[in-house]
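Report on the structure
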Amino acid sequence: FANPLPFGRLNHVAIAVPKSKSITEAAATYQKLFDAKVSEPKDLPEHGVTTVFVELPNTKLELLHPLGAASPIQGFLDKNPAGGMHHICIEVENIESAIQKCKAANIRTIGDKPKIGAHNKPVIFLHPKDCGGVLLEMEQV
């Protein structure tokens, strides 16, 4: 890339939790496994998920659970009934500038404009077909 993308540090790795398991049960597993601080569940209706964050020394895990019949992670869970890694989130300083650089590099976004994410900051996802098969989320810091 002549003009590299403006990515910062890894913010979190998101893990989809299947409907067969409660998100609080999944959070308790990670809390015990890592002796980690775990947030309370937070419903994000505009994203169709409930989230819990597990704080690790160098990053966070975001547990995702479907919220509502039209949850965008349901397709992922249909293909991966046991759950699993859903996406990674990378920090950017200016999300609008990052979106323009991605578009200039023929990297598609999912949606036309950022939404407010779980940290109350603008986020947007990059299409996995343009990112080596990985769903990437950009979050403005």
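Please read all numbers here as calculations on a predicted model, not as lab measurements.

Cut-offs applied
- For every chain, the first residue of its written sequence is number 1, and the numbers climb from 1 along that sequence.
- In keeping with the predicted nature of the model, local features appear solely for residues at pLDDT of at least 70, side-chain atom pairs appear and are counted solely at 80 or more, and the whole-chain, interface and lining totals rest on all residues.
- As a rule here, side-chain values come from all non-hydrogen atoms in the structure, and water together with hydrogens is ignored.
- Numbering goes from the N terminus for both helices and strands, where a helix is a DSSP run of H or I of at least four residues and a strand is a run of E of at least two.
- When a residue's accessible area, from a 1.4 Å probe over protein chains only, is under 20% of the maximum for its type it is buried; when over 50% it is exposed; and in between it is partly exposed.
- In short, DSSP must find at least two bridges between two strands for them to pair.
- Residue contacts are defined here by distance: any two heavy atoms, one from each residue, within 4.5 Å place the two residues in contact.
- Two N or O atoms form a polar contact when they lie within 3.5 Å of each other; inside protein one atom must be a possible hydrogen donor and the other a possible acceptor, and for residues adjacent in sequence the pair counts only when both atoms belong to side chains.

Quick look at the environment of Leu64 now. Along the chain, Leu64 falls in strand 5 (residues 60–66). By relative accessible area, which is 4% here, Leu64 ends up buried. Put simply, Leu64 and Asp130 are 66 residues apart on the chain and 23 Å apart in space, counted from C-alpha to C-alpha.

As a further point, take the pairing of strand 4 (residues 49–55). By the criterion of burial, strand 4 is predominantly enclosed, with six of the seven residues buried. Relative to strand 4, strand 2 (residues 37–38) runs antiparallel, the two sharing two bridges. Across the sheet, the residue bridging to Lys37 is Glu55, located in strand 4. Relative to strand 4, strand 3 (residues 42–44) is paired through three bridges, and the arrangement is antiparallel. Bridge pairing in strand 4 links Leu44 to Val49. Linking strand 3 to strand 4, which pair antiparallel, is a turn of four residues; within it Gly48 sits at a positive phi near 70 degrees. Sheet topology places strand 4 next to strand 5; seven bridges connect them, and they run antiparallel. The residue of strand 5 that forms the bridge with Thr51 is Leu64. Linking two consecutive strands that pair antiparallel, namely strand 4 and strand 5, is a turn of four residues.

Further remarks concern the side chain of Thr51. Mapping Thr51 onto the fold places it in strand 4. Setting aside residues no more than four positions away along its own chain, Thr51 makes contact with Ile23, Glu40, Pro41, Lys42, Leu44, Glu62, Leu63, Leu64 and Ala118.

Structurally, His87 is set in strand 6 (residues 84–92). For His87, the contacting residues outside a window of four places in its chain are His12, Val13, Ala14, Glu62, Leu64, Phe125, Leu135 and Glu137. At 2.9 Å, the side chain of His87 forms a polar contact with the side chain of His86. In this structure the side chain of His87 is engaged in a polar contact, spanning 3.0 Å, whose partner is the side chain of Glu137.

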